[in-house]
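Architecture and fold: a report
Spelled out, the chains give:
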Amino acid sequence: MPNTTTAADLRGLSRDDLNAKVRELKEELFSLRFQSATGQLESHGRLREVRKDIARIYTVLQERNLGITVDPDAEKKA
């Protein structure tokens, strides 16, 4: 899954989807860090990409918490 996601793509996802994606990316980050520590990591750029993707998701979640952007889950319930 070497593709990065944009904030615009993430804004269309539900809160559960975003949380699942964070969990998945954190597992990948752990694996990459482990590979880096043991000298087996081939792509050091991927570490940075994964960290930025996680930050991007947290930003979208925080925007929803602060009411800056509309939560798609809230629209469905209303």
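Shown above is the structure to which this text applies.
Since the structure is predicted, the reported quantities are computational estimates derived from the model, not experimental observations. (Residues numbered from 1 in each chain as written. Predicted model: local features only at pLDDT ≥ 70, side-chain atom pairs only at ≥ 80, totals over all residues. Heavy atoms only, no water.)

1. Side note on the packing of helix α2 (residues 15-37) against helix α3 (residues 44-66)
Two numbers describe how α2 lies on α3: the axes approach to 9 Å, and their chain directions differ by 155 degrees. If you check the angle between α2 and α3, you find them roughly antiparallel. Helix-helix and strand crossings are classified by hand; for α2 and α3 the assignment is left-handed. Per-class residue counts for the contact of α2 with α3 are twelve nonpolar, four polar and nine charged. (Axes fitted to C-alpha atoms, helices over the stretch in contact; angles between N-to-C directions. Helix = DSSP H or I, 4+ residues; strand = E, 2+ residues; numbered from the N terminus. Parallel < 35°, antiparallel > 145°, perpendicular 65-115°, else oblique. Left-handed = near helix turned anticlockwise from the far one by under 90°. Nonpolar A, V, L, I, M, F, W, Y, C, P; charged D, E, K, R; others polar.)

2. Focus: the nonpolar core
Grouped together as the largest cluster of nonpolar side chains are 13 residues, with contacts concentrated most on Leu18, Val50 and Ile57. Looking at this core, the elements with two or more residues in it are α2 and α3. Sorting elements by how many residues they give to this core places α3 first, with six residues. Valine 50 has contacts with Leu25, Glu28, Leu29 and Leu32, leaving out every residue within four places of it along the chain. (Core = buried A, V, L, I, M, F, W, Y, C linked by side-chain atoms within 4.5 Å. Buried < 20%, exposed > 50% of the residue type's maximum accessible area, 1.4 Å probe, protein only. Contact = heavy atoms within 4.5 Å.)

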